[in-house]
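Listed below, chain by chain, are the residues.
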Amino acid sequence: MSPAKTFYVTTPIYYVNDVPHIGHAYTTVAGDVLTRWHRQKGESVWFLTGTDEHGQKVLRTAEANGVTPQAWVDNLVETSWKPNWLALNIANDDFIRTTEPRHSERVQKFLTGLKDDGFIYAGKYEGPYCVGCEEFKILGDLVEKDGKQTCSTHGTPVEIVNENNWFFKLSEFVLPLLNHYRESPQALQPESARNEVLSFLESGVTDLSISRSTFDWGITVPWDPDQVFYVWFDALLNYATAVGLGDDPSSAGGKKFANTWPADVHLVGKDILRFHAVIWPAMLMAAGLATPKKVFAHGWLLVGGEKMSKSKLTGIAPKQITDHFGVDAFRYYFLRAIPFGSDGSFSWEDVHARYTSELANDFGNLASRLAAMIEKYCGGVIPESSYDKELAEALAMTVEKADAAMCDLDFQTGIVAIMDFCKQVNGYVTVKEPWILAKDAANKAELDAILYNTAESLRALAILLNSVMPATCEILWESLGANKSIGALKDQHIADVSKWGQLPAGSVVTKSASLFPRLDVIA
Ligand code: MSP
C-alpha cells in the first residue's frame, strides 16, 4: 500500500536583492503555523521555502555593490535569509535556491519537454517591463507620472524591452483555466482573488515571453544558449523541482514527487497572484501535471496606508519587533490581528496592546497563577482528577471551531476561538476564588477540582497554541510536568485535545519564567 499523500505547503521564494522584512515573514510564519497545525493532526507535512536568485533585480543590486550576482546571493542567503527563518522558529523541511543544480537541471529538462511538445515558439517581444516586479506589463497596469509610464506597485518608470525571445502559448490555457476555477472554487482563495483572476482571464491573455537575451544571470535555455529563461518561469518551477520534478519514477526524487505533488497550499501575497493563478497552472497543464490544490493570496501589510516595502524605505526587519516583544508574540500578532486575505496596518501600539492584554494578561498570567497556586496549596503536585462539564464542553467546541478555521487558513478565527477559551478559564478561576477557598481545609475537594480543571485547560491551550507559539508552549508544557506524565508536546494530536482528564494527578508542576515578561519601555 502506498503511503498517504504528504500535505505539501509552500511559501513564495523570495528575491535576495535585499534582506527579509516583516512582509516576507508574514507569509512564512503563516506557512509554518499551517504546517505545525497539520503535523499536530498527525499528518505528514512537507514545508518548502527558499530564495529566487536570478533576474535583473538581483543582478543590478549585485552590480551596484561591486560583486558578482552569485557572491551576492550566496552571502545574503547564508548571513541573512536562513538565519532569519531560524530565528523565527520556522520548521521548513527544505530550502530551495534557484541557483542550485537540482533546480536548474530540472527546469531545463521540463522546459525542453514543453518545447518538444509544441508549447514554446520563437517570437519578438516589444513592450514595458518593471524590474521591481520582474514582470512584462500591460498598459492597464501602468500609471502616468511626470510624463512617464510607471509601475503602480513600485512607482518607478518601466523599461521598454525589445528582444527576440522564446514564447509560451499561454493563451491556449485561458479556457481550461476559466473552467478550472469555475469548477473548483477552493483552488483559488480568497473569493476576491478568484474573482480578480476570473475577470483577468475573461479579458483575454496573450502568449508570454519566457526568455531574455540582454543579460545572462539566469538559467540557460538549453536549445538557445544565448538566452536565459525569464526569471518567473524559472522561479515558479521551484515548487516542483524541489520535490523531484521529472525524475525517474523509480528514483528517490520520482517517489518523492509522486507522494508530494500536487501542492496542497501555495501561500502567496496578492502581489504575485496572477503568476501563481494563471502562468503556473498553465505550465503544469501544458506538461500534463496536476495543478495545485489551493493557491491562497493573502493581503498586504501596510505602512502609512501603502504596501510595506524595502524599495519605499518602509521595510521593517522582523528583528526590530522580536527584540522587543519576542519571537512568539511576533508569530502570534500578525495572524491574530489581520484577517488572512485582507490588508492590515501594522502599528507598534497595536502589537503592544495585544501583547499586554491577550498574551501577558490572559495567557501568561493564567499559567503563572496556576503554577503558583499548585505550589502553594498542593505542594507542587497536580491533585486528584475531577471533571468540569462546562469547561470540557467549551473546550470541545473550541477545538472543533479552531480546527475548521485553521485548516481553512482563517488563522484569525482559529486563534480567537482558542484565546476565547483561555479567557473563559480565567473567568472560571476568578469566579471560583480558589485563594479564598484555600483558607479553610474543609474546602479541599473543591479547591483541588478548580486547580485540576485549570491545569487541564492549560494542557489543552499548550497543544492548541503550539503551532503559533511553539517555544512558549513548550515552556508551559514543561511547567505542567506534561513531558514526563504525558509525553512530548509535538506528539499530542488535535483530535485528542478535548478528552478531559489527560494530566494525571501527581504530575509535578514547576514555576517557569513568565511566559510573556513585562516589556521594557520603548525609548
Ligand atoms: N520572487 C518572487 C516570488 C517567486 S515565487 C515562485 C517575489 N519575491 S518577493 O521577495 O518580492 O516576495 C513577495 C512576497 O513576499 C509576497 O507575495 C508576500 O508573500 C511577501 N510580502 C512582501 N511584502 C509584503 C507586504 N508588504 N505584505 C505582505 N506580504 C508581503 O515576489
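Residues numbered from 1 in each chain as written. Predicted model: local features only at pLDDT ≥ 70, side-chain atom pairs only at ≥ 80, totals over all residues. Heavy atoms only, no water.

Caption draft 1: Highlighting the site of the ligand. The local shell around the ligand holds 25 residues, among which Ile 13, Thr 27, Asp 52, Asp 271 and Leu 301 are the closest. At 2.7 Å from a nitrogen atom of the ligand is found a side-chain nitrogen or oxygen belonging to Asp 52. Met 308 is positioned such that a nitrogen or oxygen atom in its backbone is 2.9 Å from a nitrogen atom of the ligand. Considering the ligand on its own, with 670 Å² of exposed area, one finds that the protein chains cover 95% of that surface. Mapped by element, the contributors of at least two residues to the shell around the ligand are β1 (7-15), α1 (22-40), α7 (231-236) and α8 (238-241). (Near = heavy atom within 4 Å. Polar contact = N/O pair within 3.5 Å; in protein donor to acceptor, adjacent residues only side chain to side chain. Areas by Shrake-Rupley, 256 points an atom, 1.4 Å probe, with all protein chains shown as cover. Helix = DSSP H or I, 4+ residues; strand = E, 2+ residues; numbered from the N terminus.)

Caption draft 2: The arrangement of the nonpolar core in detail. Phe 334 and Phe 363 are the most contacted members of the largest nonpolar core, which totals 107 residues. The dominant element in this core, judged by the number of residues it contributes, is helix α13 (residues 348-378), at twelve residues. If we skip the residues at most four places from it in the chain, Phe 334 touches Ile 22, Tyr 26, Leu 301, Ile 321 and Phe 346. Judged by nonpolar contacts, the second largest core, of 67 residues, contains Tyr 8, Ile 120, Ala 193 and Ala 242. (Core = buried A, V, L, I, M, F, W, Y, C linked by side-chain atoms within 4.5 Å. Buried < 20%, exposed > 50% of the residue type's maximum accessible area, 1.4 Å probe, protein only. Contact = heavy atoms within 4.5 Å.)

Caption draft 3: Geometry of the sheet that holds strand β15 (residues 301-303). As summarised here, the arrangement of the three strands in space is β16-β15-β17, forming an open sheet in which the pairing is mixed. Both edges of this open sheet fall to β16 (306-307) and β17 (344-345), since each of them pairs with a single strand only. Relative to β17, β15 runs parallel, the two sharing two bridges. Of the residues in β17, the one forming a bridge with Leu 302 is Ser 345. (Pairing = 2+ DSSP bridges.)

Caption draft 4: Expanded view of the packing of aromatic side chains. Applying the stated criterion across every chain, the model contains 31 aromatic pairs. On the basis of an interplanar angle of 15° and a centroid distance of 5.1 Å, the ring pair of Phe 296 and Phe 340 is categorised as stacked. Of this pair, Phe 296 sits in strand β14 (residues 295-298) while Phe 340 sits in the loop between α12 (327-337) and β17, and the two are 44 residues apart along the sequence. In terms of burial, Phe 296 and Phe 340 fall into one category: buried. Over the ring of Phe 95 we find Lys 82; its NZ or CZ atom is 5.1 Å from the centre of that ring. Its end group placed over the ring of Trp 300, Lys 307 keeps NZ or CZ at 5.3 Å from the ring centre. (Phe/Tyr/Trp six-rings, centres within 6.5 Å; stacked < 30°, edge-to-face > 60°. Lys NZ or Arg CZ within 6 Å of the ring centre and 35° of its normal.)

Fair warning: the whole summary comes from geometry, so function is off the table for now.
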